[in-house]
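# Structure assessment
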Amino acid sequence: MKLHSFQHYSHDLESVVHDAWITTRVKSALALADSTLGLHVHVKTHAGRVALSGRVNTHRQCEHAVALARSVHGVADIDASELLTHVFTPGSFSEAPNAEETTERRSQSSTKIDDK
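Residues numbered from 1 in each chain as written. Predicted model: local features only at pLDDT ≥ 70, side-chain atom pairs only at ≥ 80, totals over all residues. Heavy atoms only, no water.

This brings us to the overall build of the chain. Broken down by element type, the chain carries four helices and three strands. Its helices and strands taken in sequence order, the chain reads α-α-β-β-α-β-α from the N to the C terminus. By residue count, 24% of the 116 residues in the chain fall in the buried class. Considering only contacts in the chain between residues 6 or more positions apart, those separated by 24 or more positions represent 58%. Entry remark: accessible area of the chain is about 8,900 Å², with carbon and sulfur atoms responsible for 57%. (Helix = DSSP H or I, 4+ residues; strand = E, 2+ residues; numbered from the N terminus. Buried < 20%, exposed > 50% of the residue type's maximum accessible area, 1.4 Å probe, protein only. Contact = heavy atoms within 4.5 Å. Areas by Shrake-Rupley, 256 points an atom, 1.4 Å probe, with all protein chains shown as cover.)

Laid out in structure tokens, this is it:
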């Protein structure tokens, strides 16, 4: 019975080490391809199934992250349902995102102050 427990334990340990190795290789592939992918995409692996999560800027970056993960040897399946793109809504910025627009607003308000 002790031998069976040890074999079961060693098999579980082997799976954990293999998953950690896959996670490391996927994270490395993401970071080498695009530093923003390496920073913003989180990777978890369980039994060869890689789960990607986090937020990236574009849909193309999502597809690129999935393709890179798929290219790593040992990846059995990929779940990218938690890998999202940033969504910007109007009014979500404290300042206008366009620098020219911000400058234009300042020049109009400074003209009014100077006129008084």
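Now, onward.
With that settled, consider the pattern of salt bridges. In the structure shown here, the tally under the stated rule is two salt bridges. We note a salt bridge from Asp79 to Arg49, for which the minimum N-O separation is 3.9 Å. On the criterion of sequence distance, the pair formed by Asp79 in strand 3 (residues 77-85) and Arg49 in strand 2 (residues 49-56) is long-range, its members being 30 residues apart. Relative accessible area serves as the criterion here: at 43%, Arg49 is assigned to the partly exposed category. Because the salt bridges share partners, they merge into one network encompassing Arg49, Asp77 and Asp79. (Salt bridge = Lys/Arg side-chain N within 4 Å of Asp/Glu carboxyl O.)

Now for the pairing of strand 1 (residues 41-46). Across a regular strand the side chains alternate sides, sitting on one face of the sheet and then on the other. Covered by surrounding structure in strand 1 are Val41, Val43 and Thr45 only, the residues His42, Lys44 and His46 on the alternate face being uncovered. Sheet topology note: the strand 1/strand 2 ladder contains six bridges and is antiparallel. Among the inter-strand pairings, Lys44 is bridged to a residue of strand 2, identified as Ala51. Here strand 1 folds back onto strand 2 in antiparallel fashion, the turn holding two residues, of which Ala47 has a positive phi close to 55 degrees. (Pairing = 2+ DSSP bridges.)

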